[in-house]
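Structural characterization, general
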Amino acid sequence: MTKLRRTLSLFNTLTRQVEPVVPVLEGQVSFYTCGPTVYNYAHIGNLRTFLFQDLLKRTFRAGGYEVRHCMNITDVEDKIIRDSQGGLPEEASNADRHAAMRALTERFTAVFLEDLQTLGIQPADHLPRATAYIPQMIQLVQDLAAKNLAYVRDGSVYYRISGLPAYGCLAHLDREGMQAGSSVDADEYERDSVTDFVLWKAAKPGEPWWDSPWGPGRPGWHIECSAMGMELLGDRVDIHSGGVDLIFPHHENEIAQSDGCLGHQWVNHWVHGEFLMVEGQKMAKSAGNFFTLRDLVEKGVDPVALRYAIQSNHYRKVLNFSFEGLRAAENSLKRIRAFRKRMEGEGQAGGGPWKEALAPEQRLAQARDRFWAAMGDDLNTPEALAELFTLISDLNAQDDHVALTREERDAVLTFLDEADAIFAAWPHEGTNLDAEVEALIEARRAAKAAKNWPEADRVRDALKALGIVLEDRKDGTTGWRRG
Ligand code: AMP
Ligand code: ZN
């Protein structure tokens, strides 16, 4: 039986429309996300973006697609150099400078990966570090120069934006306002100073460097993602994503580099997540208004509640962080988990006849369709979860009156698992060990009473496999302890 593949649409920043994602290779989505700059702890604003990307990836997987995900680690960049080189003497060797940079980036790469695990974010299939792809970056800059899209000035190489008529297509820039010919060396700059941007930076005193055809230097930030993305995901990528602050200049410049080099469109769908705010301001390290995940965990916040609080809001809406929001998330999760437990158990005798408009099975099919319609419509999680909660109310009311059958309960559990494959917040918690042990002891007692010795021995072995030691007492009862 071929697996059902759902149609999933996403807002494309390039066209400003919600469009179905049709992968270049049928059923296989290639997905690139700009990873962290590893010089400090990520704040939960950064993590909102990674949570939205995890939701996207899990939705495609649950919707019947394979997803090949590449997330880079930016481990050479202006801020990393600023923060790693301070303690070194002026005469430090290049090897010492690289070692200091690596010590900082390795430490914070490990911290970042731990944070992802804490939040239940699935690891990417490729996790390239920029410093491992310097030859590919140099090659890409050379290819651009060969196409007259790059020029050298004082040992640095710049992208010539006037050479690409489509420059500005992502950020919808007005070509009139562009200052072609002038150039910037900084990786980050404002929209009102659209200029030629740096691809390769000549080494300044006190900075680590690599050899290149243009002398010692290091890559600019934008070229890193183009080179790694094309190397690992190929010449045609289905979805590329980041926070909205990356639209300009980072993603605009990635398009200039990759499309310019390839001579065709590199990425079909550009998808951007909105900011996490604190009291109306973007959460940012520079604003000093941030929480790290560790800050919150220390305050007793459940990471799964944080995950839910973020993912239950639409990714394209600004979200204000608050502790009330976290409490509301905890309550919602309690409700879903209690319903799950109820469906795992057997139905109790009902409180009398009851006639729902729809039989439980039909009601479930309807909710499932509506849930997927909402998720397929630009990841509309508020609507998808509202469907789930209405289903919970309806089936609870039904079960109070006429208990759902075991089959109906199992069908509900299958749907809860399907939704949990996306939200990762209401897993099946496994059977309670005590209850399982008691049930096995009872089975053994019954087997012995029936003089079914092989069965009694089989159950004893099953208990042993659980690490349980039985103690047959003189009064005929059996006690147990963990061995
Ligand atoms: P960085 O480590 O600074 O390169 O950022 C990693 C990701 O976090 C990028 O995709 C940014 O767009 C995103 N980001 C930064 N600040 C916020 C915020 N306050 N809310 C949501 N995403 C953010
Ligand atoms: Zn990037």
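Every chain is numbered on its own, with residues counted from 1 as its sequence reads. Lettering of chains starts at A and numbering of ligands starts at 1, both following the order in which they are written. In keeping with the predicted nature of the model, local features appear solely for residues at pLDDT of at least 70, side-chain atom pairs appear and are counted solely at 80 or more, and the whole-chain, interface and lining totals rest on all residues. Values reported for side chains reflect all heavy atoms of the structure, with hydrogen atoms and water molecules removed beforehand.

**Points about the overall build of the chain**
What counts, and what does not: Strands here are runs of E lasting at least two residues and helices are runs of H or I lasting at least four, both read from the DSSP assignment and numbered beginning at the N terminus. When a residue's accessible area, from a 1.4 Å probe over protein chains only, is under 20% of the maximum for its type it is buried; when over 50% it is exposed; and in between it is partly exposed. Note that accessible areas follow from Shrake-Rupley with a 1.4 Å probe, and for residues the cover is restricted to the protein chains shown. For this count, His and the chain ends are skipped, Lys and Arg are scored as positive, and Asp and Glu as negative. Lysine's charge is taken at NZ, arginine's at CZ, aspartate's at CG and glutamate's at CD.
Per the secondary structure count, the chain includes 14 helices and 16 strands. The principal-axis extents of the C-alpha atoms in the chain amount to approximately 90 × 55 × 45 Å. Out of the 483 residues in the chain, the part that is buried amounts to 50%. Counting only carbon and sulfur atoms, one obtains 51% of the accessible surface of the chain, whose full area is about 22400 Å². Looking at charge distribution, the chain has the averaged site of its 55 positive side-chain charges lying 5 Å from that of its 71 negative ones.

**Description of the coordination of the zinc ion (ligand 2)**
Rules: Any nitrogen, oxygen or sulfur atom within 2.8 Å of a metal ion counts as a donor, with the limit raised to 3.2 Å for Na, K and Ca, and since water is left out, coordination shells can look unfinished.
Protein coordination of the zinc ion (ligand 2) is provided by Cys 34 (SG), Cys 225 (SG) and His 250 (NE2), with donor distances spanning 2.0 to 2.2 Å. Written as a sequence motif, the donor arrangement for the zinc ion (ligand 2) is C-x190-C-x24-H. On the criterion of sequence distance, the pair formed by Cys 34 in the loop between β3 (28-33) and α1 (44-62) and Cys 225 in helix α5 (residues 221-233) is long-range, its members being 191 residues apart. Side by side, Cys 34 and Cys 225 carry an identical accessibility label, which is buried.

**Focus on the site of ligand 1**
Applicable threshold: Only heavy atoms are used to decide nearness, and a residue is near a molecule or strand if one of them lies within 4 Å of it. N or O atoms closer than or at 3.5 Å make up a polar contact, with two conditions inside protein: a donor-capable atom paired with an acceptor-capable one, and, for residues adjacent in sequence, both atoms drawn from side chains. Ten residue types, Ala, Val, Leu, Ile, Met, Phe, Trp, Tyr, Cys and Pro, are classed as nonpolar, four, Asp, Glu, Lys and Arg, as charged, and the remainder, Gly among them, as polar.
Around ligand 1 sit 17 residues in total, of which Gly 45, Thr 49, Asp 245, Leu 276 and Met 283 are the nearest. Within the contact set of ligand 1, an oxygen atom lies 3.1 Å away from a side-chain nitrogen or oxygen of Asn 46. With respect to ligand 1, the backbone of Gly 243 contributes an N or O atom lying 3.1 Å from an oxygen atom. When the free accessible area of ligand 1 is taken as 500 Å², the share hidden by the protein chains comes to 91%. Mapped by element, the contributors of at least two residues to the shell around ligand 1 are α1 and β10 (237-243). The leading source of residues in the shell around ligand 1 is α1, at 4 residues. The class makeup of the residues in the shell around ligand 1 is 6 nonpolar, 8 polar and 3 charged.

**Notes on the environment of Ser 286**
Residue position: Ser 286 is located in the loop between β13 (281-282) and α7 (293-298). Along the backbone, Ser 286 and Val 184 are 102 residues apart, and their C-alpha atoms lie at a distance of 21 Å.

**Some words on the domain arrangement of the chain**
Put simply, the rule is: What fixes the domain bounds is an automatic or database domain assignment. Contacts are assigned to residue pairs with any non-hydrogen atoms lying within 4.5 Å of each other. Note on definitions: buried area is the accessible-area loss of two parts on being combined, 1.4 Å probe, summed for both.
The assigned domain composition of the chain is domain 1 (26-273), domain 2 (285-423) and domain 3 (435-482). Between domain 1 and domain 2, the C-alpha centre-to-centre distance is 36 Å. With 28 residues of domain 1 at the contact, the number on the domain 2 side is 27 residues. Across the domain 1/domain 2 interface, buried area totals approximately 2400 Å², and carbon plus sulfur atoms make up 66% of it. Of all residues in domain 1, the largest losses of buried area upon contact with domain 2 belong to Ile 44, Arg 48 and Leu 55, amounting jointly to 30% of the total for that side.

**What about the nonpolar core?**
Most often, soluble globular proteins keep nonpolar side chains buried together rather than apart. Rules: By convention a nonpolar core is built from buried Ala, Val, Leu, Ile, Met, Phe, Trp, Tyr and Cys residues, the set being connected through side-chain atoms within 4.5 Å.
The biggest cluster of nonpolar side chains holds 127 residues, and the ones touching the most others in it are Phe 60, Tyr 167, Leu 306 and Trp 426. Taken domain by domain, the makeup of this core includes at least three residues from each of domain 1 (26-273) and domain 2 (285-423). Those residues in contact with Trp 426, other than ones at most four positions away along the chain, are Tyr 308, Leu 333, Ile 336, Arg 337, Arg 340, Leu 385, Leu 388, Leu 416, Ala 419 and Asp 420.

**A look at helix α10 (residues 360-376)**
For clarity, the cut-off: A helix's residues, less one, multiplied by 1.5 Å, set its expected span.
With 17 residues, α10 should reach 24 Å at 1.5 Å per residue; the first-to-last C-alpha distance of 24 Å fits that figure. For α10, the full list of buried residues reads Pro 360, Arg 363, Leu 364, Ala 367, Phe 371, Trp 372, Ala 374, Met 375 and Gly 376.

**Section: the packing of helix α9 (residues 323-344) against helix α11 (residues 381-401)**
Formally: Note on geometry: axes are lines fitted to C-alpha atoms, helical ones only across the stretch in contact, with angles between N-to-C directions running from 0 to 180 degrees. Put simply, angles under 35 degrees are roughly parallel, angles over 145 are roughly antiparallel, angles from 65 to 115 are roughly perpendicular, and the rest are oblique. Two helices that cross are described as forming a left-handed crossing if the nearer one is turned anticlockwise from the farther one by less than a right angle, and a right-handed crossing if clockwise.
With their axes 11 Å apart at the nearest point, α9 and α11 run at an angle of 40° to one another. The angle between α9 and α11 falls in the class oblique. Crossing handedness for the pair α9 and α11: left-handed. Of the residues in α11, those in contact with Ser 332, Arg 335, Ile 336, Phe 339, Arg 342 and Met 343 of α9 are Leu 388, Phe 389, Ile 392, Ser 393, Leu 395, Asn 396, Asp 399 and Asp 400. Here the contact of α9 with α11 is composed, by residue class, of 7 nonpolar, 3 polar and 4 charged.

**Thoughts on the packing of aromatic side chains**
Each aromatic ring pair is described using two quantities: the centre-to-centre distance and the angle formed by the ring planes. What counts, and what does not: Think of it this way: a Phe, Tyr or Trp ring, Trp meaning its six-membered ring, pairs with another when their centres are within 6.5 Å, and the plane angle makes it stacked under 30 degrees, edge-to-face over 60, tilted otherwise. We call a charge positioned over a ring when the NZ of a Lys or the CZ of an Arg lies within 6 Å of the ring centre and within 35 degrees of the ring normal.
Inspection of the entire model under this criterion finds 16 aromatic pairs. Relative to Phe 108, the ring of Tyr 41 lies with its centre 5.2 Å away and its plane at 80°, an arrangement referred to as edge-to-face. In this pair, Tyr 41 sits in the loop between β3 and α1 while Phe 108 sits in helix α3 (residues 94-118), placing the two residues 67 residues apart along the sequence. Look at Phe 371 and Trp 372: their rings are 6.0 Å apart centre to centre, the planes differ by 85°, and that puts the pair in the edge-to-face class. Exposure class is identical for Phe 371 and Trp 372. Each is buried. The rings of Phe 371, Trp 372, Phe 415, Phe 423 and Trp 426 are connected pair by pair, giving a single aromatic cluster. Its end group placed over the ring of Tyr 158, Arg 153 keeps NZ or CZ at 5.7 Å from the ring centre.

**Let's talk about the sheet that holds strand β12 (residues 276-278)**
Note the threshold: Whether two strands pair depends on DSSP finding at least two bridges between them.
Strand order across the open sheet formed by 3 strands is β13-β12-β14, with mixed pairing between neighbours. Of all strands in the sheet, those with a lone pairing partner are β13 and β14 (319-320), marking the two edges. Sheet topology note: the β12/β14 ladder contains 2 bridges and is parallel. Pairing of Leu 276 across the sheet is with Leu 319, part of β14.

**Looking at the sheet that holds β10**
Pairing in this open sheet of 4 strands is parallel, and the strands run β4-β3-β10-β11 from one edge to the other. The outermost strands of the open sheet, each flanked by one partner alone, are β4 (66-71) and β11 (267-273). When the angles between neighbouring strand axes are averaged without regard to direction, this sheet yields 25°. In the sheet, β3 pairs with β10 via 3 bridges, with the strands oriented parallel. By the bridge assignment, Thr 33 is partnered in β10 with Ser 241. Docked against the sheet, α1 engages β3, β4, β10 and β11, running at close to 155° with respect to β10. Of the strands in this sheet, β3, β4 and β10 touch α5, which is tilted by about 160° from β3.

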